[in-house]
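# Architecture and fold: a report
Each chain is listed here by its residues.
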Amino acid sequence: MKFPYGLSDFGTLIEDGYWYQDRTDRIPQLEDAGRQLIFIRPRRFGKSLLLSMLEHYYDLNRADQFDALFGGLAIGRAPTALHNRFFVMKWDFSLVPAQGEVGAIKAALHQHLNDCIVDFARRYQARLPLVVEIHTENALSSLRSALTAVSRTPHKVYLLIDEYDNFANEVLMAGSGRSEGQGHYESLLYGEGLLKTVFKAVKAAAGGMGLDRVFITGVSPVVLSDMTSGYNVGENIYLAPDFNDLCGFSEPEIATVLERLAADGASWSPAAALATMRTFYNGYRFSEDGTESVYNPTLSLYFLKALSRRGQPPRQLLDENLAMDRNKLAYIARLPHGEDLLIAALSGDDQVVIPQLARRFGVEDMLRAVKDQPFMASLLYYFGVLTLASQGALGQLALKIPNLVARSLYVERLRDLWLPGYEDRATAQGVAETLYLRGDPAPLCDFIESRYFRVLSNRDYRWTNELLVKFAFLTLLFDDRLYMAVSELETDRGYADLALIVRPDMRRFQALDLLLEFKYLGLKDLGLSGEQVRAQPRETLAALPAVAARLDEAAAQARVYGATLRGRHGLADLRALAVVALGVERLVWRVL
């Protein structure tokens, strides 16, 4: 099997025999949904391939290729009346540079639109009775000329716009506060700015000038707010349950592919591979009424291609082509209380609760307005690092981190904030490896006592004290190169605080499976001062009745959770640790 990782041209994919998860059965639903549709998904989530599929389906010039392209797919067996009925024009705003002087940006936008119109005229020159005139400095006049030519034919235009919000995203990633980029954005959109004028022209063209249908994709609804008066006819379908999995793969689809791959005599287990993919790539739900989660398609293809070619998963499960998402978490972390939101998301699936998703907010809002939790959480949802989890009794939305790859981005961001120095990071890596290899927590606990507690306890958080301890261990031990590291892992009897289960494909190495349960005792509960606690050996502290009782409590929970995890993952040597923090001064533990 050939997997189309990085390939977004539908024709090449089908003609060259790449694997394609059929989504053509949704074409009738899309036609019924409206004539001007807006579909939002996180970056690298298959939107460009979707547009390419629509382009090949509706293109007049590809009528003689219909059977070759779609004959083996669902729509080929029951095509709609609109197939191969349109002149198709495609714009891709990711190709328009967003840097430089505003005049240069405007010129680049005109140039891109003119290039697309020139390509359109060349592809359809045999069908157009009039010559399309290109106006170098006014692409909208070029568009009008193209539409005039189309009006002399029995057909109309289907316009596909990819990454309509690219410029806004570039402004956002440049940082918070008023900036040169924001000024450029305002000049392009506000008042009679060019970008707003472009969408006003699209709206007008769809009002009887030969443009029949529009399909727009983007990452967030940012620009929708800023261009409301210019383009207020688009229908948003990105939260509709019918299109929850329009981009992305379901678990049965992934399982079927793995079984097909394994049938060729693979040495790996389809069940183990599915468990890894489920942990790292599944979990996205884009509709409040959707019932199933979907897998990230780019990451899934990245995994499947490596499995097919090398017989094992990629060692690094986060494809670096998605590393830009780190910048989005960095943006949120810079905002007031943004760091608190990242911590809340990592604390559990029910910790980020908002009344509803923000559906329209402009760049001005992102750069200067007050950023409350619903605002920031909505942005993280659109960026794909939070997703819908559940709804409360009053219809509130609980958001959660979708999977372990997204979780790793949160941990990296907090680790970078809390341990910015090279020496501390190198030391942290070394003490973590001692625990991974030998199950010895002493060096790690020494580091947390001497370095990490000072950092965390001085930050302005409303920590529960046990949570502080858990985050200290989580951010230092999270290593998705080796582990499926999960905080608050659900078992049959409750939630384990932190479980580090070796990835199935990494069991050839010597890393240990680990389970940690945490408890906390305040210094007042001990009747000791910080100086007294620091002065005593750990053995003496562990023998104190109150400390011993907490160790017993944590150990009992670890034994129960450990039994579940051993059975679930077939673990022969799970090392469990009960850890008790004494204030933010000392740590004592018991290895079970």
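Below is a summary of the structure that appears in this document. (Residues numbered from 1 in each chain as written. Predicted model: local features only at pLDDT ≥ 70, side-chain atom pairs only at ≥ 80, totals over all residues. Heavy atoms only, no water.)

## Quick look at the overall build of the chain
Stated precisely, the cut-off is as follows: Each helix corresponds to a stretch of at least 4 residues labelled H or I by DSSP, and each strand to a stretch of at least 2 residues labelled E; elements are numbered beginning at the N terminus. Our radius of gyration looks at C-alpha atoms and nothing else; its globule reference is 2.2 Å times the residue count to the power 0.38. Residue exposure (1.4 Å probe, protein chains only): buried if accessible area is under 20% of the type maximum, exposed if over 50%, otherwise partly exposed. Here a residue-residue contact requires only that any non-hydrogen atoms of the pair lie within 4.5 Å. Accessible surface is estimated by sampling points in the Shrake-Rupley manner with a 1.4 Å probe; for residues, cover comes only from the protein chains shown. Here the positive residues are Lys and Arg and the negative ones are Asp and Glu; neither His nor the chain ends is included. Charge positions come from single atoms, namely NZ of Lys, CZ of Arg, CG of Asp or CD of Glu.
Looking only at helices and strands, one finds 26 helices and 13 strands in the chain. For a compact globule of 592 residues, the expected C-alpha radius of gyration is about 25 Å, and the chain comes in at 27 Å, within 12% of that figure. Principal-axis analysis of the C-alpha atoms gives the chain an extent of 95 × 60 × 45 Å. Per-residue burial for the chain yields a buried fraction of 56% across its 592 residues. Considering only contacts within the chain whose residues lie at least 6 apart along the sequence, 71% involve residues at least 24 apart. If you sum the accessible surface of the chain, you get close to 24000 Å²; carbon and sulfur atoms cover 47% of it. Charge separation in the chain, taken as the distance between the mean sites of 65 positive and 72 negative side-chain charges, equals 0 Å.

## Describing helix H20 (residues 422–438)
Rules: To estimate how far a helix should extend, the number of its residues minus one is multiplied by 1.5 Å.
Taking 1.5 Å of rise per residue, the 17 residues of H20 would be expected to cover 24 Å, and the 25 Å separating its terminal C-alpha atoms lies within 8% of that figure. Gly439 sits one or two positions beyond H20 and adopts a positive phi of about 70°.

## With respect to the sheet that holds strand S2 (residues 86–92)
Going by this rule: Any two strands are treated as partners once DSSP identifies two or more bridges connecting them. Axis angles are defined between N-to-C directions and span 0 to 180 degrees, where every axis is a line fitted to C-alpha atoms and, for a helix, only to the segment in contact.
As summarised here, the arrangement of the five strands in space is S2-S3-S4-S1-S5, forming an open sheet in which the pairing is parallel. Each of the sheet's edge strands pairs with one partner strand only, and the pair in question is S2 and strand S5 (235–236). Note that strand S3 (residues 156–162) and strand S4 (residues 211–218) share five bridges and pair parallel. The partner of Tyr158 across the bridge, within S4, is Arg213. Across the sheet, helix H6 (residues 102–123) lies against S2 and S3, angled at about 155° from S2, the strand it touches most. Here helix H7 (residues 139–151) sits on the sheet in contact with S2, S3 and S4, set at roughly 165° to S2.

## A word on the sheet that holds strand S6 (residues 352–354)
Each strand in a sheet pairs with another by means of backbone hydrogen bonds, the pair being arranged parallel or else antiparallel. Here we have three strands laid out as an open sheet, ordered S6-S8-S7, and antiparallel in their pairing. If you trace the sheet from one side to the other, it starts and ends with S6 and strand S7 (387–391), each paired once. When the angles between neighbouring strand axes are averaged without regard to direction, this sheet yields 35°. Looking at chain direction, S7 and strand S8 (residues 397–400) are connected through four bridges and run antiparallel. Within S8, the position partnered with Thr387 by the bridge is Lys400. Packing of helix H18 (residues 373–383) onto the sheet brings it into contact with S6, S7 and S8, and relative to S6 it is tilted by some 110°.

## Topic: the pattern of salt bridges
Stated formally: Any Lys or Arg side-chain nitrogen located within 4 Å of an Asp or Glu carboxyl oxygen qualifies as a salt bridge.
Following the criterion strictly, the structure yields 24 salt bridges and no others. Between Asp212 and Arg35 there is a salt bridge, with the nearest N and O atoms lying 2.7 Å from each other. You can see Asp212 sitting in strand S4 and its partner Arg35 sitting in the loop between helix H2 (27–33) and strand S1 (36–40), a full 177 residues away along the chain. Using a relative accessible area of 16% as the deciding quantity, one classes Asp212 as buried. With its nearest N and O atoms 2.8 Å apart, the salt bridge here joins Asp59 to Arg62.

## Focus: helix H12 (residues 251–262)
When the terminal C-alpha atoms of H12 are compared, their 16 Å separation across twelve residues agrees well with the 16 Å that a helix rising 1.5 Å per residue should span. Burial in H12 covers these residues: Glu253, Ile254, Val257, Leu258, Leu261 and Ala262. In this fold, the buried residues of H12 make contact with helix H13 (270–281) and helix H14 (297–310).

## What about the packing of aromatic side chains?
Our working rule: The aromatic pairing rule takes the rings of Phe, Tyr and Trp, using the six-membered ring of Trp, and pairs them if the centres are within 6.5 Å, calling planes under 30 degrees apart stacked, those over 60 edge-to-face and the rest tilted. Whether a charge lies above a ring is judged from NZ of Lys or CZ of Arg, which has to be within 6 Å of the ring centre and within 35 degrees of the ring normal.
According to the stated counting rule, one finds 30 aromatic pairs in the structure shown. A ring pair is formed by Phe10 and Tyr20, whose centres lie 5.4 Å apart and whose planes are at 80°; its orientation type is edge-to-face. A residue pair is termed long-range when its members are at least 10 positions apart, and Phe10 in helix H1 (residues 10–15) and Tyr20 in the loop between H1 and H2 qualify at ten residues. What makes Phe10 buried here is its relative accessible area of 0%. Residue classification places Tyr20 among the buried positions, given a relative accessible area of 16%. Relative to Phe120, the ring of Phe87 has its centre 6.1 Å away and its plane inclined at 55°; by these criteria the two rings are tilted. Taken together, the positions of Phe87 in strand S2 and Phe120 in helix H6 put the pair 33 residues apart, joining distant regions of the chain. Taking the relative accessible area as the measure of exposure, Phe87 reaches 0% and is therefore buried. The ring of Tyr18 carries the charged tip of Lys2 above its face, separated from the ring centre by 4.5 Å. Cation over ring: Arg503 sits above Phe280, and NZ or CZ is 5.9 Å from the ring centre.

## Structural notes on the pairing of strand S13 (residues 586–591)
One ladder, built from six bridges, connects strand S12 (residues 574–582) with S13; its direction is antiparallel. Bridging from a neighbouring strand, Val580 pairs with Val588 of S13. The antiparallel hairpin formed by S12 and S13 contains three residues in its connecting segment, where Gly583 sits at a positive phi of about 60°.

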